[in-house]
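Structure at a glance
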Amino acid sequence: MAADQIHTFCRICEPGCGLLAEVHDGKVTRLRPDAEHPVHKGFCCHKGVHYLQVHDDPDRLDRPLKRSAGSGEFEPVEWDVAVGEIAARVQQLRKRHGRNALAVYQGNPSAFNGAYYANAARIARGFDTRMRFSAGTQDTSAKYAASEAVYGAAMAHPIPDLLHTHYFLCLGSNPAVSHMTLLHISDPMAKIRAVRARGGTVLFVNPRRIESSAPDTGDVLQIVPDTDFFFLAALLHEIVFRIGYDHGAVARHARNIDGLLDFVRRYPPDRVAGVTGIDAAVIRRVADDLCAAPSASVYMATGVNQGRLGAPAYWMLTMISLFSGNLGRRGGNIYSRGIADAVRGSTRRRTDPYFDSPLGELRTVSGDLPAALLPEFIEQADEPVRALIVVSGNPLLSVGGEQRLRRAFEKLELLVTIDLYRTVTGEMADYVLPATDWLEHADINFLNTLGVALEPYVQYTPAVVEPAGERRDDWWILSRIQQELGVPTLLDDPDPDPFAPVDAVLRDAGTSLDRLAELPCGTQVLPEADPAHVFDIAVQHDDGLIDCCPELFGRSYDTAEAILTELAAEKPDQLKLITRRTHHMVNSWLHNLPVFDQGIHRGNPLWMHPRDARHRGLVEGDSVLVRNRYGAVEAELQYDESLRTGVVAMTHGWGQHRARGLGVARHKAGVNANHLAPTGRAGYDALSNQSHLTGINVEVLRADRAPADTRSSE
């Protein structure tokens, strides 16, 4: 009997590449790129087609588990019993400690789950707690905070028009490996090669000569980590004070121009060249080339976000686009409306977003508190967090300072994880609840359609197969807990429809889920972005103007100066740790896949330039101790001549040796580089709640020469 073929799409990262699933007797037998997809046209990376190893993994959770009070081991429990006990314990803890005794942490995969994402706000309100955290403060909250201040909406992110641009400046991203973020695009490297093929220029700014750089793409300016803000400020300085800009055009779309100019005056190229490691003449040449191009686009990603000045860097990047005449211009940075105006649901509600708390002055960004402070919230005396629900996340590996967070988790009276696996975080849980994966539930690429799609389209996929065992969708699990808490939920309806909010948006746009289901590949291609929508739609301030110098950013002025002074005073041989993305991993998602269990990528080595190694008497293969005032880890040393000297690299999300439920991952656990990240107030930018996870100062020495009291606690 021939296998059924179902058009679906990948949900590992943001492009959502089209896939064709072959199903025989209710089992997925193959995943392959969908050559018929009208946008992706057969492109998909190896991670998507290998996802079947996750789906079929014998270590996947199939039924709810509860930790036995006697043995401490996990035992199966019925769904109704589990959610009833969880709700009862939450209610008891709230009676003793107040409503904020419950916290919720949301991981990245939930953003790619259309049914969950469409109902996330309702679900969050149902838990009635201010203690909301997410992986967003580890990767993108710098952008959300900056856009909220500049445009008046956290979801306003004009994207590079790679289909038409003549100059592409790309900072802190490696598209060949990570396929970009807050930018939905098919086959990004093909788009980048096309820029060069039509005579344009591509310039990457990164501490590594990244895989994306090649003769047919573009060169790399190797910058000192965590100095991108100063580089961008110097570029803007050149544009506004030397090259010049169209005063009338900027004034039509923006306000507080003089405030911006006064600020940028502080950062001429000659002042920042030393700390960035980029010669002042090179900075001037980049500014000249960008402004001379018929059109130019700019983009930054997590390699910049995760620095200490990620939000101000995004501010500078936006101003470069505006003052060079490329914002809202074909080939520049454009707002892609997609299926709906997402910006209107993310508008700034308060001019001053800060509030007083037992931990001092704080703010939320897109509803989230800084995850770097989660241990402090758990341990505070006044209204402490005592229960935590983790949805598709692994905070012990993604938040800075695992040991600090682990000690805090031991003080929780209830920890619940909802996931595909019993992760490192799940090993500490009281209840581990099994979620469906993206082959087991119907879905729509809802997030991909909202404001950041270069080739906008909307796609529906049915569930490819029925869920195995007792797996349930995330929204269903959380709704069942809320039902037991006495909260109205979707499940109160005899025929609950989690896609109702999505369908309402689709119908307003002249289509529907039913219509999508009838289309080839379940996909409707949407109109090309109108560059003018940056000013007509993305800007959400009441006066319709971009704020060139938001009052909020005044909080970062002294911080920027202090960081510049600190960097200028550092020793010439100071090592700085960055995160290195690889083809073999996405955060902590794919560690249990045998296909990636190979070679040096079986662990998490420390990558170092051979010259830096020789300077320290180290050779490839040495066991080295990487340490700073925050922590220490041991790793195997590997050479990497693509690194700028003075820079070392490790990959984010490793350290699975305590995950007894992961048969492959725990045997190639590697180490968690976030042991070396700052924690508490020092661990995040108060402007954006963004964790500081790159450009971290470290020392490296051979492990057998390190004093015993400085050895890793891994």
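Along each chain, numbering runs from 1 in the same order as the chain's sequence is written. Given that this is a predicted model, residues contribute local features only at a pLDDT of at least 70 and side-chain atom pairs are listed and counted only at 80 or more, while totals for whole chains, interfaces and linings are drawn from all residues. Each side-chain value is derived from all of the structure's non-hydrogen atoms; neither hydrogens nor water enter the calculation.

As annotated in an unreviewed UniProt entry, the protein carries the name Molybdopterin-dependent oxidoreductase and comes from Nocardia rhamnosiphila. UniProt positions are given in the numbering used here, feature names are shortened, and annotations may be inferred rather than shown by experiment. Recorded under Sequence similarities (unreviewed entry), the UniProt text for the protein is reproduced unchanged: "Belongs to the prokaryotic molybdopterin-containing oxidoreductase family."

Let us look at the overall build of the protein. Of regular secondary structure, the protein possesses 24 helices and 31 strands. Overall, the C-alpha framework of the protein stretches about 70 × 65 × 55 Å when taken along its three principal axes. Throughout this description, buried means an accessible area under 20% of the type-specific maximum (1.4 Å probe, protein chains only), exposed means over 50%, and partly exposed covers the range between. Looking at the protein as a whole, 63% of its 714 residues qualify as buried. Any pair of residues with heavy atoms lying within 4.5 Å of one another is described as a contacting pair. A sequence separation of at least 24 residues applies to 75% of the contacts in the protein between residues at least 6 apart. Secondary structure counts use DSSP, requiring at least four H or I residues in a row for a helix and at least two E residues in a row for a strand, with both numbered from the N terminus.

Taken from the UniProt record, the annotation "domain: 4Fe-4S Mo/W bis-MGD-type" (unreviewed entry) applies to residues 3–59. Across residues 3–59 one finds 14% helix and 35% strand; the C-alpha atoms that close the span lie 26 Å apart.

Where helix α8 (residues 188–197) is concerned, the buried positions are Pro188, Met189, Lys191, Ile192 and Val195. The buried residues of α8 all sit within an arc of 160 degrees when viewed along its axis, so they share a single face. Among the structural elements, β9 (167–171), α7 (175–178) and β10 (201–205) are those in contact with the buried residues of α8. Where α8 terminates, the next one or two residues include Gly199, which has phi positive at roughly 90 degrees. Note that the arc is computed from the directions linking the helix axis to the C-beta atoms.

Attention now goes to the pairing of strand β24 (residues 575–579). Burial within β24 is extensive, with four of its five residues counted as buried. Sheet topology note: the β24/strand β31 (residues 696–702) ladder contains three bridges and is antiparallel. Residue Leu577 lies in a different strand from β31, and its bridge partner there is Ile696. Strand direction decides the pairing type here: β24 and strand β28 (residues 647–650), joined by four bridges, are parallel. What sits directly across from Leu577, in β28, is Val648. Pairing between strands is defined by DSSP: at least two bridges between the two strands are required.

This paragraph deals with the pattern of salt bridges. The term salt bridge refers to a side-chain nitrogen of Lys or Arg lying within 4 Å of a carboxyl oxygen of Asp or Glu. The final tally for this structure, using the stated rule, is 48 salt bridges. Taking the shortest distance from any N to any O, the salt bridge between Arg330 and Asp161 comes out at 3.6 Å. One end of the pair, Arg330, is in the loop between α15 (310–323) and β14 (333–334); the other, Asp161, is in the loop between β8 (159–160) and β9, with 169 residues separating them in the sequence. For Arg330, a relative accessible area of 32% gives the class partly exposed. Since its relative accessible area comes to 1%, Asp161 is described here as buried. Glu427 is the salt-bridge partner of Arg422, the closest N and O atoms lying 3.0 Å from each other. As far as burial versus exposure is concerned, Arg422 and Glu427 are alike and both buried. Salt bridges here are not isolated pairs; linked through shared partners, they connect Arg60, Asp62, Asp437, Glu440 and Arg471.

A few words on the packing of helix α6 (residues 141–150) against α15. To describe two helices that pack against each other, one gives the angle between their axes and the distance between the axes. To obtain an axis, a line is fitted to C-alpha atoms, over the contacting stretch when the element is a helix, and the angle between two such axes runs from 0 to 180 degrees between their N-to-C directions. Where α6 contacts α15, the two axes come as close as 8 Å, and the packing angle between them is 50 degrees. Considering their axes alone, α6 and α15 lie oblique with respect to each other. Where α6 crosses over α15, the handedness of that crossing is right-handed. Taking contact as the criterion, the partners of Ala142, Lys143, Ala146, Ser147 and Val150 in α6 are, on α15, Gly310, Ala311, Tyr314, Trp315, Thr318 and Met319. Three classes are used: nonpolar for Ala, Val, Leu, Ile, Met, Phe, Trp, Tyr, Cys and Pro, charged for Asp, Glu, Lys and Arg, and polar for all others, with Gly counted as polar. In terms of residue class, the contact of α6 with α15 is built from seven nonpolar, three polar and one charged. Throughout this description, any angle smaller than 35 degrees is read as roughly parallel, any larger than 145 degrees as roughly antiparallel, any in the 65 to 115 degree range as roughly perpendicular, and the remainder as oblique. Handedness of a helix crossing follows the sense of rotation of the near helix relative to the far helix, less than a right angle counterclockwise being left-handed and clockwise being right-handed.

Attention now moves to the state of the cysteines. Any two cysteine sulfur atoms within 2.5 Å of one another count as a disulfide. Counted according to the given criterion, the structure contains zero disulfides. Left without a disulfide partner, Cys44 is nearest to the cysteine sulfur of Cys17, which lies 4.8 Å away. Free cysteine: Cys549, not disulfide-bonded; nearest cysteine sulfur from Cys548 at 8.2 Å.

What follows covers the pairing of strand β18 (residues 414–419). Among the six residues of β18, six are classified as buried, and the element is accordingly described as predominantly covered. When strand β17 (residues 387–391) meets β18, the two strands line up parallel, connected through five bridges. Its bridge partner being in β18, Leu388 is matched across the sheet by Leu415. As paired strands, β18 and strand β19 (residues 431–434) are joined by four bridges and run parallel to one another. Bridge assignment links Val416 to a residue of β19, and that residue is Tyr431.

Moving on to the sheet that holds strand β4 (residues 65–67). Strand order in the open sheet made by the seven strands is β5-β4-β19-β18-β17-β6-β7, with mixed pairing throughout. Each edge of the sheet is formed by a strand with only one pairing partner; in this case those strands are β5 (74–76) and β7 (132–134). The sheet shows a mean angle of 20 degrees between the axes of neighbouring strands, direction not considered. Packing against the sheet, helix α19 (residues 474–484) makes contact with β17, β18 and β19, and its axis sits at approximately 160 degrees to β17.

Our next topic: the packing of aromatic side chains. Both the distance between ring centres and the angle between the ring planes are used here to describe each pair of aromatic rings. Classification of ring pairs uses Phe, Tyr and Trp, with its six-membered ring standing for Trp, and accepts pairs whose centres are within 6.5 Å; under 30 degrees between planes counts as stacked, over 60 as edge-to-face, and the remaining range as tilted. Inspection of every chain in the model, using the stated rule, returns 13 aromatic pairs. Ring geometry for Phe133 against Phe377: centres 5.6 Å apart, planes inclined by 65 degrees, an arrangement best described as edge-to-face. With Phe133 in strand β7 and Phe377 in helix α16 (residues 374–379), this residue pair connects regions lying 244 residues apart in the sequence. By the ring-pair criterion, three or more aromatic residues cluster together here, those being Phe229, Phe230, Phe263, Tyr267, Trp315, Phe553 and Tyr557. Sitting over the ring of Tyr354, Arg363 keeps its end group 5.9 Å from the ring centre. Over the face of the ring belonging to Tyr354 we find Arg555, whose NZ or CZ atom lies 3.6 Å from the ring centre. Any Lys NZ or Arg CZ found within 6 Å of a ring centre and within 35 degrees of that ring's normal is scored as a charge over the ring.

Relative to the helices and strands, His164 is located in the loop between β8 and β9. On the basis of relative accessible area, His164 is assigned to the partly exposed category, the value being 30%. His164 sits 34 residues away from Arg198 along the chain, and the two C-alpha atoms are 9.5 Å apart.

The next thing to look at is the side chain of Asn672. By the secondary structure assignment, Asn672 is in the loop between β28 and β29 (684–685). Counted as a polar contact is a pair of N or O atoms within 3.5 Å, where, for protein atoms, one must be capable of donating a hydrogen and the other of accepting one, and residues adjacent in sequence contribute only when both atoms are in side chains. In this structure the side chain of Asn672 is engaged in a polar contact, spanning 3.0 Å, whose partner is the backbone nitrogen of Asn674.

A helix is expected to span 1.5 Å multiplied by its residue count minus one. Taking 1.5 Å of rise per residue, the 13 residues of helix α13 (residues 280–292) would be expected to cover 18 Å, and the 18 Å separating its terminal C-alpha atoms lies within 8% of that figure. Within the sequence span of α13, burial applies to Ala280, Val282, Ile283, Val286, Ala287 and Leu290. Around the axis of α13, the buried residues are gathered within 165 degrees of arc, so they sit on the same side. The distance from a side-chain oxygen at the start of α13 to the backbone nitrogen of Ala281 is 2.9 Å, and the residue carrying that oxygen is Asp279.

Bringing the sheet that holds strand β13 (residues 297–300) into the picture now. Two pairing modes exist for strands in a sheet, parallel and antiparallel, and in both the strands are linked by backbone hydrogen bonds. If you trace the four strands from one edge of the open sheet to the other, you get β11-β10-β9-β13, paired in parallel fashion. Looking along the sheet, the strands with just one partner apiece sit at the ends: β11 (219–221) and β13. Strand-to-strand twist of the sheet, defined as the mean angle between neighbouring strand axes without regard to direction, takes the value 20 degrees. Two elements, β10 and β11, share three bridges in a ladder whose sense is parallel. Within β11, the residue paired with Phe204 across the bridge is Val220.

Take the side chain of His609 next. If you trace the backbone, His609 turns up in the loop between β25 (606–608) and α24 (610–615). A polar side-chain atom of His609 sits 3.1 Å from the main-chain amide nitrogen of Arg611. Once you skip the residues sitting within four places of it in the chain, His609 turns out to touch Asp640, Glu641, Leu643 and Thr645.

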